[in-house]
Each structure stands twice: as structure tokens, then as C-alpha cells.
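Listed below, chain by chain, are the residues.
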Amino acid sequence: MSRPSWTRTPPCWTFDADGHRIPPDEPLPAAEIFLLHAGTLQTEGTDPGVVELPTPYGWNGWTLSRVSLTGVTRIRASAAAPGSWLDVAAGRPLGWEGGATLPWLMGDDGAPVWHRPPALRLPRRAGEQDGRLWQAEVRRPGHEAPLARHTGAPGALLDPWQDVPRPLLGPYEILVHRVGFRRRRRLAAFLAEGITAEPSAEWRLLAPHGGLAPARLTLGADGPITASAHVVAFSPYEIAKTLVLGDGVRRFAVEARIPHSEVRLELGGSPQTWSVRPLDIDATDLAGESALTVRLPEQAVAVTPLLALVVEGTTLHTLRPERRTRTRRGDLRYSLAALADTVRDCVKAEVRLLVAGESVHVATVRTQPIAEDVVPDGGGLLLRGLRHPGELTARLYAVFAPWEQPLTATVDQSGRIPLPSAWRSLGPLIVHLKAGAPTPSAPGWPRLRDRDTLVLRRSPWTSAVDHGTGARMSEYLAGRGALPRGTDAIPYQWIVAARGRDLQACGARQTAPAECRSVLADAGPTALTAAADSALRSGELASVLAGSGLASLRIREVADPAAVRHVWRQAPLCALLLTAPLLPYLSGGLAYDVGELYPEEAELLDEVGQFLGDAATALLAGHVDPSGVVGRFDAQTRALDQLPELQQQAVWRSARVVPRGLLDPDTRADAAWQAFRARKDLQYRAAREEFRDGLDAVAIFLDDGHPDLAQAFRGRDPGQLHGPGEAWLRIPQLSLGCALIARLAAAGDARAAGLERGLRHLWTPVASHAPDLTAVDIALAECLVTAEAVHGTG
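Computed from a predicted model, the values in this text were never measured in an experiment.

Q: Got a minute to help me understand the overall build of the protein in this structure?
A: Helix and strand content of the protein: 20 helices and 38 strands. Scaling as 2.2 N^0.38, a compact globule of 794 residues should have a C-alpha radius of gyration of about 28 Å, and the protein matches this with 30 Å. The principal-axis extents of the C-alpha atoms in the protein amount to approximately 95 × 70 × 50 Å. A burial count over the protein gives 50% of its 794 residues as buried. By sequence separation, contacts in the protein at least 24 residues apart represent 65% of the contacts at least 6 residues apart. Accessible surface, the protein as shown: approximately 36,000 Å² in total, 50% of it carbon and sulfur.

Q: Whenever I open this one, the nonpolar core confuses me. Can you help?
A: In this structure, Leu-396, Trp-494, Leu-545, Leu-612, Leu-663 and Leu-702 are the most contacted members of the largest nonpolar core, which totals 137 residues. Other than its neighbours up to four places away in sequence, Leu-545 contacts Trp-494, Leu-528, Leu-550, Ala-551, Leu-573, Cys-574, Leu-577 and Ile-778. Listed in part, the 35 residues of the second largest apolar core include Ile-239, Leu-279, Leu-286 and Leu-292.

Q: What's the story with the sheet that holds strand β17 (residues 195-199) in this structure? I'm lost.
A: What holds strands together in a sheet is hydrogen bonding between their backbones, with the strands either parallel or antiparallel. What the three strands build is an open sheet, ordered β17-β18-β20; its pairing is antiparallel. Both edges of this open sheet fall to β17 and β20 (231-234), since each of them pairs with a single strand only. Across the sheet, the mean angle from the axis of one strand to that of its neighbour is 20 degrees, orientation sign disregarded. Strand direction decides the pairing type here: β17 and strand β18 (residues 215-221), joined by five bridges, are antiparallel.

Q: Is there a simple way to explain the confidence of the model for the protein in this structure?
A: For any part of a model where pLDDT is low, the fine detail of the predicted coordinates should not be relied upon. A residue-level look at the protein finds 93% of positions with pLDDT of 70 or above and a mean pLDDT of 86. Within the model, the stretch residues 1-8 combines pLDDT values under 50 with 13 contacts to residues more than four positions away or in other chains.

Q: What's the story with the sheet that holds strand β8 (residues 95-97) in this structure? I'm lost.
A: Reading across the sheet, the three strands line up as β8-β11-β14 and stay open at both edges, with antiparallel pairing between neighbours. Here the strands that pair on one side only, and so sit at the sheet edges, are β8 and β14 (157-158).

Q: Explain the side chain of Glu-788 to me, please; I cannot follow it from the model alone.
A: Its location among the elements puts Glu-788 in helix α20 (residues 771-792). Within the buried set, Glu-788 has no salt-bridge partner at all; the shortest N-O distance to an opposite charge, 11 Å, is to Arg-751. Those residues in contact with Glu-788 that lie beyond four places of it in its chain are Gly-705, His-706, Leu-709 and Leu-744.

Q: What is the right way to read the pattern of salt bridges from this model?
A: Oppositely charged side chains can pair when the atoms bearing their charge come close. Under the defined criterion, the tally for this structure stands at 33 salt bridges. Across the pair Asp-247 and Arg-250 runs a salt bridge, and its minimum N-O distance is 2.9 Å. Judged by relative accessible area, Arg-250 falls into the partly exposed class, the value being 29%. Residues Arg-668 and Asp-625 are paired through a salt bridge, measuring 2.9 Å at the closest nitrogen-oxygen approach. Here Asp-625 lies in the loop between α11 (615-620) and α12 (635-641) and Arg-668 lies in helix α14 (residues 665-677), a separation of 43 residues in the sequence. The buried category is assigned to Arg-668, whose relative accessible area is 2%. When its relative accessible area of 17% is taken as the criterion, Asp-625 is described as buried.

Q: I would appreciate a short explanation of the packing of helix α19 (residues 750-769) against α20 in the present structure.
A: A pair of packed helices is captured by two measures, namely the crossing angle of their axes and the spacing between those axes. Two elements in contact, α19 and α20, have axes separated by 5 Å at closest approach and are oriented at 115 degrees. Facing α19, whose interface residues are Trp-763, Val-766, Ala-767, Ser-768 and His-769, α20 presents Pro-771, Thr-774 and Ile-778.

Q: Quick question: what am I supposed to make of helix α8 (residues 561-570) here?
A: Residues separated by three or four positions in an α-helix point in the same direction, a consequence of the helix having 3.6 residues per turn. Every buried residue belonging to α8 is among Pro-561, Val-564, Val-567 and Trp-568, and all of these are buried. The buried residues of α8 occupy an angular sector of 110 degrees when the element is viewed end-on, so they sit on one face. Tucked into the core, α8 has its buried residues touching α6 (525-530), α9 (572-578) and α10 (599-612).

Q: When you look at the packing of aromatic side chains in this model, what are you seeing that I'm missing?
A: Any two aromatic rings considered together are summarised by their centre-to-centre distance and by the angle between their planes. Following the criterion strictly, the structure yields twelve aromatic pairs and no others. Centroid distance Tyr-397 to Trp-445: 5.6 Å. Interplanar angle 75 degrees. Geometry classified as edge-to-face. Note that Tyr-397 is positioned in strand β34 (residues 392-398) and Trp-445 in the loop between β37 (429-435) and β38 (453-456), a separation of 48 residues in sequence. Judged by its relative accessible area of 5%, Tyr-397 is buried. Seen in terms of ring centroids, Tyr-585 and Tyr-592 are 5.3 Å apart; in terms of plane orientation they differ by 85 degrees. Their pairing is edge-to-face. Looking at Tyr-585, the relative accessible area reads 16%, which means it is buried. The exposure class of Tyr-592 is partly exposed, given its relative accessible area of 23%. Taken together, Trp-96, Trp-114, Trp-161 and Tyr-172 form an aromatic cluster joined through their ring pairs. Seen from the ring of Tyr-237, Arg-277 lies directly overhead, with NZ or CZ sitting 4.0 Å from the centre.

Q: Just to check I follow, could you spell out helix α18 (residues 731-746) for this structure?
A: Counted at 1.5 Å a residue, the expected span for α18 with its 16 residues is 22 Å, and the 23 Å between its end C-alpha atoms agrees. With 16 of 16 residues buried, α18 is to be regarded as a mostly interior element. Immediately beyond the C-terminal end of α18, within one or two residues, lies Gly-748, with a positive phi of roughly 105 degrees.

Q: Looking at this model, I keep getting lost on unusual backbone geometry. Mind explaining?
A: In most cases, non-glycine residues show a negative phi, while peptide bonds are predominantly trans. Backbone torsion omega between Arg-166 and Pro-167 reads -5 degrees, so that peptide bond is classified as cis. Along the chain, the position of Pro-167 falls in the loop between β14 and β15 (169-178). Despite not being glycine, Glu-312 shows a phi value in the positive range, around 50 degrees.

Q: What's the story with the environment of Arg-509 in this structure? I'm lost.
A: Turning to its location among the elements, Arg-509 is positioned in the loop between α4 (500-505) and α5 (512-523). Considered as a pair, Arg-509 and Arg-480 are 29 residues apart in the sequence and their alpha carbons are 9.4 Å apart. In this structure Arg-509 touches Tyr-476, Leu-477, Gly-479, Arg-480, Gly-481 and Gln-504, once residues within four positions along its chain are discounted. Reaching out from Arg-509, the side chain makes a polar contact with the backbone oxygen of Gly-481 at a distance of 2.7 Å.

Q: I'm lost on the packing of helix α7 (residues 538-548) against α20 in this one. Help?
A: Look at α7 against α20: their axes get within 7 Å of each other, and the N-to-C directions meet at 75 degrees. It follows that α7 is roughly perpendicular to α20 by the angle criterion. Where α7 approaches α20, its residues Ser-538, Gly-539, Glu-540, Ala-542, Ser-543, Leu-545 and Ala-546 are matched on the opposing element by Pro-771, Asp-772, Thr-774, Ala-775 and Ile-778.

Q: I keep staring at the pairing of strand β21 (residues 241-246) and nothing clicks. Help me out?
A: Note on strand geometry: in a regular strand, side chains alternate between the two faces of the sheet. With two bridges joining them, strand β19 (residues 226-227) and β21 adopt antiparallel strand pairing. Counted as the bridge partner of Ala-227 is Leu-245 from β21. Here β21 runs beside strand β22 (residues 251-256); their pairing, made up of six bridges, is antiparallel. The residue of β22 that forms the bridge with Leu-245 is Phe-252.

Q: Quick question: what am I supposed to make of the environment of Ala-789 here?
A: With respect to the secondary-structure elements, Ala-789 resides in helix α20. Given the relative accessible area of 45%, Ala-789 is considered partly exposed. Sequence separation of Ala-789 and Ala-747 is 42 residues, and the distance between their C-alpha atoms is 8.8 Å.

Q: Even after reading the chapter, I still don't get the side chain of Ser-543, so can you show me in this structure?
A: Assignment of secondary structure puts Ser-543 in helix α7. A polar side-chain atom of Ser-543 sits 2.8 Å from the main-chain carbonyl oxygen of Glu-540. Excluding residues that lie within four positions of it along the chain, Ser-543 makes contacts with Ala-498, Ala-767, Ser-768 and Pro-771.

Q: Even after reading the chapter, I still don't get the environment of Trp-461, so can you show me in this structure?
A: Within the fold, Trp-461 resides in the loop between β38 and α2 (469-477). Looking at Trp-461, the relative accessible area reads 11%, which means it is buried. The spatial distance from the C-alpha of Trp-461 to the C-alpha of Ala-727 is 42 Å, given a sequence separation of 266 residues. Apart from residues no more than four positions distant in its own chain, Trp-461 is found in contact with Phe-400, Ser-425, Leu-426, Gly-427, Ser-474, Glu-475, Ala-478 and Arg-480.

Rules behind the numbers
Counting restarts for each chain, with residues numbered from 1 along the sequence as it is written. Confidence filtering applies because this is a predicted model: local features only for residues at pLDDT of at least 70, side-chain atom pairs given and counted only at 80 or more, and all residues used for totals across whole chains, interfaces and linings. Think of the side-chain values as coming from all heavy atoms in the structure, minus any hydrogens and water. Helix and strand definitions here come from DSSP, where helices need a minimum of 4 consecutive H or I residues and strands a minimum of 2 consecutive E residues; each element is numbered from the N-terminal end. Just to be clear, the radius of gyration here is over C-alpha atoms, and the globule rule we use is 2.2 Å times residues to the power 0.38. Exposed residues in this analysis have more than 50% of their type's maximum accessible area, buried residues have under 20%, and partly exposed residues fall in between, with area computed by a 1.4 Å probe over protein chains only. Contacts: residue pairs with any heavy atoms within 4.5 Å of one another. Each accessible area is a Shrake-Rupley estimate made with a 1.4 Å probe; only the visible protein chains count as cover when residues are assessed. The term nonpolar core refers to a set of buried residues drawn from Ala, Val, Leu, Ile, Met, Phe, Trp, Tyr and Cys, joined through side-chain atoms within 4.5 Å. A pair of strands counts as paired when DSSP detects no fewer than two bridges linking them. The convention used is that axes are lines fitted to C-alpha atoms, helices contributing only their stretch in contact, and that angles between N-to-C directions extend from 0 to 180 degrees. Confidence scores per residue from the predictor, reported as pLDDT, run from 0 to 100. His is not counted, nor are the chain ends; Lys and Arg add positive charge and Asp and Glu add negative charge. Any Lys or Arg side-chain nitrogen located within 4 Å of an Asp or Glu carboxyl oxygen qualifies as a salt bridge. As used here, the arc is the angular range of directions from the helix axis to the C-beta atoms. For Phe, Tyr and Trp, where Trp contributes only its six-membered ring, two rings pair if their centres lie within 6.5 Å, and the inter-plane angle classes them as stacked under 30 degrees, edge-to-face over 60, or tilted in between. Whether a charge sits over a ring comes down to the Lys NZ or Arg CZ being within 6 Å of the ring centre and within 35 degrees of the ring normal. Expected span of a helix, by definition, is 1.5 Å for each gap between consecutive residues, and there is one gap fewer than residues. Polar contacts, as counted here, are pairs of nitrogen or oxygen atoms within 3.5 Å of one another; within protein the pair requires one atom able to donate a hydrogen and one able to accept it, and residues that are adjacent in sequence qualify only if both atoms are side-chain atoms. Working rule for angles: under 35 degrees goes down as roughly parallel, over 145 as roughly antiparallel, 65 to 115 as roughly perpendicular, anything else as oblique.

Structure below.
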């Protein structure tokens, strides 16, 4: 539900059970509806059952309520003008009756899936005559031709599906109007006749260490409709999965989801988004109007769960939930203000829910940076301004050897970090601090802007960690030698090019990133293959692909599938570009028969879906991008920019994003968040006239013969800006535009190749600050360009 754009907002908006707005000139149905209102609700007649729900984003000061109007004659919001009542119809409302839905499956826009089709109750107003007939037409959304047409008296119960061709699968809409009148009312339903679903649990509880208890959903079919999976398994951080239902002719995507527990943070009286992950709370927010709400099944609150503040295994404080009579019974709200003084001197504390004999981690409270600075101290390092009282781990990264695994060390109580002799002369070091004991997980490259990441810039360099090519690359970064060349040096060049901005900031040779990008571009396909030995993430690879021009490298054939298979395992984004000549075989086009491929080539195509996700199949087949709006900066992004940084982070952390396939919506959202956080660094570039000229050049090029690509590019347009200070909103559009031009150049378009070279100086800084968005856009562009080429060949 999004906020309407009317200039004058009434004090009460009314919506039916499906979320559609009830026209203001019609009486309210005597049924369950939703009201978005200012102030409290006042009624006449019997007392309604009122349940408060999470208020939509942007409606601060308003309340969203689910209300049963059975027995209610009039209702109003207290903020309305005196005497402004909304009447409740005494007759029967238009709606579905009977039938059965699967509470674990959802169709378009979150609509329930009916496995037993419902009957249609025609509306009847108080005193309405039986002779005023109503007509109902069944259609497919977007189609004018009706599938069936029925007529009935006011209040009659119809079976609208009796003449509709079987099997009943997918979205349908019912248009209802009085005979002789043009004004129509619309009902929607998603049907999957004969499908059954059985969950392993009716409710998924929070797991003690984060996420949800694993579960599965078993599907069955009693008829011609089939499902793409018989059993759907949910891991701890998966709350929904996509399934495809088909009847041999049509296929429709549905979402499988089991009701689950979740937590929500409230800051300054404003609720954030629900999350299944433990929340990260800044201690400074506790002193204000803050609260934590935990959603549980109603039977789980027979014994009131307690919320405990735990520091180093010791419970320091427990809270009981507030008694709120107008909320869902299983939603427990705990005010957090009482914890503010307790956590003031703690660097980190856990908030745990004590329920059903379990201690569930629901939030972490953090206070200040662990330390202020790091300095040399004899045979090690010393943390100054240390605030952490417990166990602390430090990971150290060598600036002149960024390919080396970090050194993990335990910090003693005085803040001293011991260093092996070999690390005392490696030059500048990056020190990332983490509370607790060392973990076995492989660490990635640290974020320099993380408040618990410190840099020791003034440190002597006299020798390298290893010998051979790595030693010569370290000498080069320290300014004492030339850039190593040759095949064995390519993985090092990838790493320096990808992490060059951080290396420059920490004292490495300033020209190193640009020189490495140039050498990689000269290496061509060999560079893409050697990327497998760099151990870089897709985002890091993408920033180099954009800046070096490798993103536009033309690969005419897959000469060595076995070598590319190795790249898929280590550097899948580069492998995708190497596999590009085979991607048309995933389109389903008649000219591309998968059976004519060699087994080694077919194996490469199996990797594509695993890396890109389900969206790739739809895109390559020429369908509309199912997540096309994800990644665009728009009005909601502008609103997010107005919030303080702590609130921005709180909104994101509670967004329940679990990145998986590169083109899945969660991964795209995660990449867009990374770009949003870099908006201040990119603003001054985006405000330049050459940036706007670059966008215009892409638009003109795509409009000239590439309508589908132009539509995808325009889909990233943020709309009218409110001033030059919002130029950063255009960053995602430029990113996708440059990726589209690059992949057109890789497909052999000479004009696109020339334009890509002209755009590269604009794309490089965007890719450097928003590498994950660049990775998504390169893959997205490859799918869109391939689909266009397949469509063009018939």
C-alpha cells in the first residue's frame, strides 16, 4: 500500500479485504476491511474488532487497522470534521464466499492462491429491488475478451467459474456492474485448482542463534496442474521461495511462504521493517522512544516471554512486554529505554528472548568504536582509546600484499596486538577489530569506513611476504620496482586493480590501479580466465571489468569449455562473459537447440542459472524483467536520504534481504544499498555536465534500434530531480546504461564499442564505489542483449 498523491488527504482511507480502495461515495461493507486513519476510531452499533497493523512507510502519525464492521452502523476517525461519519451498508457486500485458499502460497501482488474456487456474492444495498440485475464477467488481466458472463439478482450467490475453460490456473479478474450501467467494480483471484500444500510446521519460530527454524512445504496435485518442485525446503534465512505452476500450456510463478516469527525495531516512535535476522541497535537510540516487537504464534504467549539483556553470558536486565489490547495477541512489544543506562559502558550486549525454554538472540546493542587509533609498539601494535572490556580479535591486512590472507591475532587486555617478525616490516597495515573469539569463516577485504577498521600508514617496508611474482608486485606497490608482467602476474594485477582505491588511500603507489587495468585489457580473454586465481568477489571483478574495458571484450566462441568450467567455480562473473556465445541456447528459441551442444558446453549452461538465479531464464526468453524496478533510485530513496544515517542503517538492516542469485531481487536490493551508501562520493561526479551528456548519449543510442534495451534503461530513470544536489539519483541509470553499451560492443556492435570507450571514464568511478551494482548490471545487460539478439534472428 503506497501513499496516494492527492493534495488534500482525508482523515480516513478505506480498503476492502484485498487491499483495493473503497470509493468514498459508497457505503462500507458489513465485513472485515482495512482503515488507514488519523486519530482513534469511533463507531456506532456494536463494538468492532480492531487490530492495529504495521503502518505503511511514509505515513507517520497514522494508524492502519483491520476492522470487522459486522453489527456496526457508522464509523469515523477522531481527526475528521464533527459529524463526518462513514455509513456501513445494511445489505450484502460484493465479495467471495466459500472456496479454500492455501495460506502457504501467494500469487501476484501477494494474493492468496485458491485451490477450491470461491463463489461470488453479488452486492445488495439496503432496500435494493430484486429486479435490478447485476452482471459479472470473468477475464484474464489485460485481456478484453470475457471467458464467461453471468447475471444475477442483488445479493445472489453465483458460480462464476462454471463456463470458464479448465484447468483453472493463474490470475483472473471479475468485473461486476449493474445491467445498463457502465461503472464497474473489480475483484481479483489467483486460482490453482486441485493443488495441495502441507507444511512441516504451521509456524516457523526464531532459531536461538538467528534466523528461523528450518521447514519444508510438500506440494501435491490432483489434476493437470503441476508444480516445479514437490518439496520446498526453507533454510534459516529463507522466508519465501518462488515456484512455477503449469498446466502444459501456461506457467505462473507463485511464492511459497510459511507463517513465521520476526522482530521489528521502533525508533523515535516510528516502526522499522520486520526482520528474521537479529537486529543491530545503536545504544544512542535506546534513550529515546525505542521499542522491540517480537511476533510469535498466539499459543506461544500463554506464558509471558521475557526479554533479557546479556553481556558476556551474564543477564543484566529483563523486561516484560507491554500490555497492549489493540495489537495482535502474538505480537509482544518491549520498551527498550530501561536498557540505556545498563549498556552505556559496554561495547556490545545481546538482547535475547526467553520463550518456550529457549534463549533466542533477537538483537545486538553496540555503543562506540572499539578503539580510537592503532600505533606501533615494540614487537607489535597498540590500540589507543580501547573501550572493549571483553575478548577481542584483530585481523591485519598488508597494504603492499593485498592478496595475502589476513593475520588473525587475539588482542590482550591492555590493547596490545602481537606481530610475528615477518609482519613487522610489511609496510602499512589495515587493522579490523571484531568482538569475540576468532571465527573459522574466511574474511573478505575490510571496509575502510567501518568504524572498527583502523589504518597504520606509517610503518616500515623492507621485505615482501613471499618470493617470486608476489614479491615483485609488493616492491611495485611500495614504489621500488616496475609492474610485473606475464600470465603468472595477472591474478595479482586483478587484485590491485580491484582494491586500488583503498590501497592508494593507505600509501600504495598512486598509479597502480590504472596501470593494472591497462595491462589486463591488453591480456583480453587470458585475463578473464586468470581471474579464477584472484579469489575476488563478483563485485570486485565487476569494478575492474568496467574500468579496464574487459566488459566490452568480444568472445566469439568457447574454445576451451573445461578451462571456462574452472572459472565458473572461482570467478563466475568472468565465466559468464566467457560463456556468452552459448547463452542463446537458454532462450528457448527454435534456432537454438540445446541438443546440438557438446556435453562440456551444456555443463557451462547449467552454471548460469545457479549463478544468476531464476530471473535469468525469464530474461533470456525475452520476458519482462521480473525485478526491473529493484535497483532504481526513486522517491522512496529520496525519503531515505532525508533520514539520519543511523535510521538509514536501521531501515536497511530490518529489510530481510538475503542475497542469493546475482539477478534475484534481494541481491539487486543489496547492491542498490551499497550504491546508496556511496552517494556522497559520487554526487560531485554525477552533477557534472559530462555525466548528463553520457546519459543522453546512451538514450539516443538505444532509442535507435534497441527498443527493449531502451525500455530497461528508462526503467532506471529517477524522474524529475528536486535540484542539482540530487544528481546521485541518476547513478543506477548510468550504471545500467554503460553495461548495456559494453555488452552490445561485446556482441560486435562497432558503434557501441566507440561509445563504450567514451563512457569508460564515467563508468569507472561508479563501478569503484558501487561494485556490486556494477556486477548486477553487467549480468543483467548480458541477458537483455542476448535476448534481443535471439529475438532479432527470429
